[in-house]
Each structure stands twice: as C-alpha cells, then as structure tokens.
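Structural overview
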Amino acid sequence: MTAPNTDLADLAKAYGVATDFWDWQGVHTIVSAETITRVLTALGVDVTSPEALAQARDEAWRSSWRRTLPPTIVSREGWTPWVPVHLPHGAAVRVELALEDGGTIAVPQVDNWVEPRLVDGVLTGEATFQLPAEVPLGWHLLWAHVEGREPAYATVVVTPQRLELPAGLEHRRMTGLMSQVYQLRSANSYGVGDLADLADLATWGAADLGCDWVLVNPLHAAQACPPMEASPYLPTTRRFVNPLYIRVEDIPEVAYLSVEVRAAVAAQARTGQALNTSETIDRNASWAAKRAALELVYAAGLSPRRARAFEGFCEREGQGLVDFATWCALADMHGEDWRSWPAGLQSPTSPQVDEFRAEQAAEIDFFRWLQWVLEEQLAATQRLAKEAGMALGVIHDLAVGVHGSGADSWGLGDALARGIEVGAPPDQFNQIGQNWSQPPWRPDRLAELGYAPYRDMLRTVLRDSGGIRVDHIIGLFRLWWIPQGMSPGEGTYVHYDHEALIGILCLEAHRAGAVVVGEDLGVVQPFARDFMKERGILGTSILWFEWRDGKALAPEGYRELCLASVTTHDLAPTAGYLELVHVALREKLGLLTRDAAVEEAEERAAIARVAEALEARGLPHDPSDVEEFVISLHRYLALSPAKLLGISVPDLIGDRRVVNQPGTDKEYPNWCVPLTGPSGDLVSLEQLTALPYPRRLARSVTG
C-alpha cells in the first residue's frame, strides 16, 4: 500500500487522523493512503479526487466560520475560556448563558481583533466573548443574539478540575471482587447468573471477606431475540441493560399473580434452572425461559401506584428509551440487523416507524417495562451491598462500543462512523491485532450533538453504582479505526477531544459520587496517564504486565491512583496462567506469531521472576503450590499504595479455564464458560460461598 501524499496527510491531521505511529516493538509505521482515505470518508470528508481534496482542505476552516457559535464548549470549573461568535461584519451581538438551574448570566465581550473573512459571499467577522469564572458545574446553554438573525445557541459543559475520591477511599485502600455476573449460577438462576446472584455475592463479599466493592462485567443490553451475542463487550446498546439479568421472582407483581399464572411462571423457572448444569452458558435457552416468564408477569398489569412509578421512569428516560424499545420490537419481527430491514424502517424518525409504534404499542411498552424492572433491581443490589458493609458497592463496566447491527447503531444515526470498526493494533499478547467489530463515535458529530448521547449513556451506567470502570479508556484520547475489510494491522488512530470526553466523565461521576477506573493497558501515550492522574481517574495495573528493568515491578513502584490486580478477564485465571493454559490455547487457535516453545519459555521465565520478587518479600514463592502462590501474589500487591485491590472470583476457587481469548469469535466459547473448580467441575454460587479458601485469600489482604 502507498504512503499518503502531503495534501492528504495534512488534511488527515486537520481531522485528527494519524498518518504514522510507533508499534509495540518500537517500529515507526506509516499509515497507508487507502486507510487514511477510507477513514476520512467515514468522517464525511470527500477525498475522491485532487479537486475534492483541495475543497475539503478549504472547508476545514470555512465550516467553523459558517457557525455563529461552536457546537459545544467544554470547560473546567474556574476557567474563563474565550468563545468565538461569527456574524456579519459590523452586526451587533449580545451573548448570555442560560444555566442548568434556570438562572442567566451575561457574558462579556473581550477586546480581540480578528480579521474578517469572506464566507459564502458574506464578509464575516469574529467577536470574542469570555465565560465568567463563576459558572457552576453542569450543563448550560450559551445564547448569541445577533442583529437580524435568529438566536443561536451552543452547549456549555463545566466540569470539575479534578474528580475527588469517594468518602473513605482517600484515606485507605479498598479491596474488592471482580466477577462476571453470568458465571454466578445459583439454585434459582435460569442458567445464567442474575442481579439477585450479584446481590448475594456482594453481601457475602462484604460480610465474610471484608470487601468494599464488586466490579462486574458490562451489563449492557444484548439482542432482544436469538442469537444473543455472548460478549458483554459487544452490546447492542450501552445505555440500557440486558434483561437476561432480571430475577423474575423478585418483581413485586409476582406476589399478586393468580394461582394459574404463578404456576406457569414456576414452570418456566424450572426450565431455566435445568440449564444450571450445562457445561457452557446458553444465553438463548435462558432468555427463552425468562422472557416467557416475564411476559406472564407483565401481562398481569400494575397497581395504580406502580403504574405511576413506571410512567415516571419512562418520562425521565425520554425518547432514548422509546427508540430502544422500538428497536427491540422491530428486531423481534425483522431480525436484529436493522440494515436488512425494509428501507422505511431503517431510521427511528421515519413515518413508517411512527406507524409501527402505533401498531405495536403494547410490545414496545413491554421492552420499556423490562428496563424499569432492571433499574429497580440494580438499585436494590447496590442498596443491599452497602447495607452489608461495602463502602462503594457495585462498580459497573463500560464497554468500548456497540454492535454495528444493533440498537445504538440504528438509533444514534451518523453519531457513529459507517464503514469503520474499532480494534487495537498488534501487541505482545495479541500479535495479529484485534478487531472488536464496533462502529466508533464520530468526534465531530458528538460535539454537534452537545455530547448528549455520551452523557445519557454515562448516567445510566453510573446510576446506583459506586463506580465505573471504563474499558480501554485510551479510546477517549485516540481510538484505533479499522476500515471494514482490512486487517487490524492496517488501521490508524483517530484522535478525540479528551478534555471534553474525560471532563464529562468526571462531571457525571462527581454527580453520582462514584470512583472512575480507566483500563489503560496496552499501547498508551505517556501523557494520557498523566492527564488521568490530573483529573483524579484511577488507572489499571495487572501484576503480569508490570515490569521494570527486567524484574517484576516492586510494590512501591505501583501507582497510588490505580486498581491493582493479579489478573484480568482477558488472561487465564491465575491457576491456569501458572500452568500456561493461555499459551496452549493461543497456539491451538493460531494466534501466536512466534514458536510455542519460545512463548512457553518466556512465560516460565516471567513466572520465575515473579517468584523471585515474592521470595525477596519473605512470601511463599513455589508456583507448584498454587493456592499459597496465589495468596502470595495478592499479599505482594497489598504492599503497594494502590487505592483499589481486586480479587478475581475465579481465583477464589482455583478455576483454570480462560473466560475470553482476545482475537477470537466462535473458535472458543468466549464469555460462555461457567465457574469451575481445579478439576473442572461446575461450582455454584452456593458452593463458592461455602468454601474456606476464599476467606483465606481475601482475609490475607483485608485483615
């Protein structure tokens, strides 16, 4: 592939598209002209000819001068940013700020001469205004009243200078559990762990293990109909929740069902509970049983009091909830990929979709009701966790993106880039790179929309939680875009306004009283970690990834603002890691670019170096004694200043099986592996909480 010419490279830089990068082995790589062309096309830039390229270069400045105001201004508390106002040269203008709470602040003009420009035949000037330092945190509207024109407005977001740690965390470390909720099968599960199981894990973790939090996989909604996507990191939407996690029996209306209906619900429960003994998790079968039970409960209706509460929920969630529920109902009828639907149904604003909503009102209402039930059960889970003694409670996980055929892709329109998929360039652990099959946010459209879709998504995830983990938080700085049909290694980075995205994240977390953990593994720009630290966002440190001068990083070398853990869901559980099951699996699946013997030797050497670090601290350090070695690894991390220390639930039971193998799809049962013990036998939630080893492991670091 050819390198870009100077004109194409300059235009790419104007749109934040990288034309070169350094790979994981330190090799300087030039991005191909084909990749850059396709990425710019996805950003709405015409580069099909030299003439179009020249016009696009001119349009880069002209488009901003056509606007009276920038679409969005993101600032920090106490800052006084200048705001350009474009207007016919010589026209009078008045600017004011409408505050979120209903107040109004006059915005003064500053003396800043800018030479007028001829824009579309009109001599256009630029006046400069300065936002006052006393503008409070929140979401506001800036209005410009230009003589002879309709008023123009821009979204103004004022964010905290720094996200302060929640009460208690500032002065001490908090230890917690890291769990995949669907793995937590109990006697009452429908073959998949649910929110009641999560509440049981959290209350046990608080009372018996001394834990202050539990980090869960993303609970975002998957498809409404089979086949349901197994990966929690490839949802159909990130704003709403997967009803697969509902505990049917905990819905208040169940208590008032008739004998006949209750018997029918119980029959579905027995069907679901029979799935608890399967060797892999069958989400489709589980959802079939659970949905049948939920439809019975929904059909029984609501009391007037409960109906008012449901109406209030629907009003708060607004059009976003309507669109999601509509997509669910349409997917039931036409399949989950909206791109294959009849043309008139491919936009949520079309007349045909309005007609469908009128005809299928009850079906759409059912999907809205499911989200209300989930909101109530999530709130109950968090309340129970904190009542049991957890300081933070549930920490939710935010996936990088959404499925290209799903609800957000349909409902958010061109806020997502078309013809592009998100992934990661090759690195040490994924040497052919990764394609996550997700369309990315368009940075330009996010700003034009006032970041509303991003804000609404964050508010849902942060609601009733003690924190949020942002998967691949580096994607808020730059994201690896891969044109469809090209390999992961043929992508390039697209830069985002990290001041805006991180700032809004801090604002919404501040309002929720939540801690923010950024997963900052892999190839990371050094300044990004400095910026996260400045804003009060915790990073992520995995023991197996932390080295200095060829040795395991000393505990004192860990960051204070981080979540430190021995392992993560993209690695084998620690017992399996010590047995190199991850190397064997990657060799079997053809994911290695080096000989397996070389990989094994390197991993064994790494384990030996970690054992040496344990020995130096006077800790048991024999890897063949797996249980003691795992405890030592956690005690080693407990010597660090890290604010959060995570214990993976599979490590509590000696599980060996990989939960997810990055770089694969159907080649391995990713996200479908239930909890198992050292011998491979299934372990239920009841068995887990009765075992003595979890207490030994947790108490070794919690005291």
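**Observations regarding the sheet that holds strand β3 (residues 72-76)**
Taken together, the five strands give an open sheet; going across it, the order is β3-β11-β10-β5-β6, and neighbouring strands pair in mixed fashion. Two strands close off the open sheet at either side, each with one partner strand: β3 and β6 (104-106). Put simply, the sheet's adjacent strands are angled 25° from each other on average, direction ignored. As paired elements, strand β10 (residues 138-146) and strand β11 (residues 152-159) share seven bridges and run antiparallel to each other. Residue His 140 lies in a different strand from β11, and its bridge partner there is Val 156.

**Details of unusual backbone geometry**
Cis geometry marks the peptide bond from Pro 226 to Pro 227, where omega comes out at 0°. Following the sequence through the fold, Pro 227 ends up in the loop between β13 (213-216) and α5 (259-273). In this structure, Ser 437 is a non-glycine residue whose phi angle is positive, near 55°.

**Quick look at the packing of aromatic side chains**
The final tally for this structure, using the stated rule, is 15 aromatic pairs. With 6.1 Å between their ring centres and 85° between their planes, Phe 21 and Tyr 493 make a pair best called edge-to-face. With Phe 21 in strand β1 (residues 20-22) and Tyr 493 in strand β19 (residues 492-495), the pair connects residues that are 472 residues apart, well separated along the chain. The same class applies to Phe 21 and to Tyr 493, which are both buried. Both rings, one in Trp 544 and one in Tyr 577, keep their centres 4.5 Å apart while their planes meet at 20°; by these two values the pair is stacked. You can see Trp 544 sitting in the loop between β21 (539-542) and β22 (547-548) and its partner Tyr 577 sitting in helix α15 (residues 574-578), a full 33 residues away along the chain. For the pair formed by Trp 544 and Tyr 577, the shared burial category is buried.

**A look at the environment of Leu 580**
Tracing the backbone shows Leu 580 in the loop between α15 and α16 (581-588). Residue Leu 580 is classed as buried on the basis of its relative accessible area of 4%. For the pair Leu 580 and Glu 599, spaced 19 residues apart in the sequence, the C-alpha separation amounts to 9.5 Å. Not counting the four nearest positions on each side in its chain, Leu 580 is found in contact with Glu 600, Glu 603, Arg 604 and Ile 607.

**With respect to the environment of Arg 696**
In this structure, Arg 696 sits in helix α21 (residues 693-702). According to the relative accessible area criterion, Arg 696 is partly exposed, its value standing at 40%. The sequence separation of Arg 696 and Ile 631 amounts to 65 residues, and the corresponding C-alpha distance is 8.1 Å. When neighbours within four sequence positions are excluded, Arg 696 is seen to be in contact with Glu 627, Glu 628 and Ile 631.

What counts, and where the lines are drawn
- Residues numbered from 1 in each chain as written.
- Predicted model: local features only at pLDDT ≥ 70, side-chain atom pairs only at ≥ 80, totals over all residues.
- Heavy atoms only, no water.
- Pairing = 2+ DSSP bridges.
- Helix = DSSP H or I, 4+ residues; strand = E, 2+ residues; numbered from the N terminus.
- Axes fitted to C-alpha atoms, helices over the stretch in contact; angles between N-to-C directions.
- Phe/Tyr/Trp six-rings, centres within 6.5 Å; stacked < 30°, edge-to-face > 60°.
- Buried < 20%, exposed > 50% of the residue type's maximum accessible area, 1.4 Å probe, protein only.
- Contact = heavy atoms within 4.5 Å.

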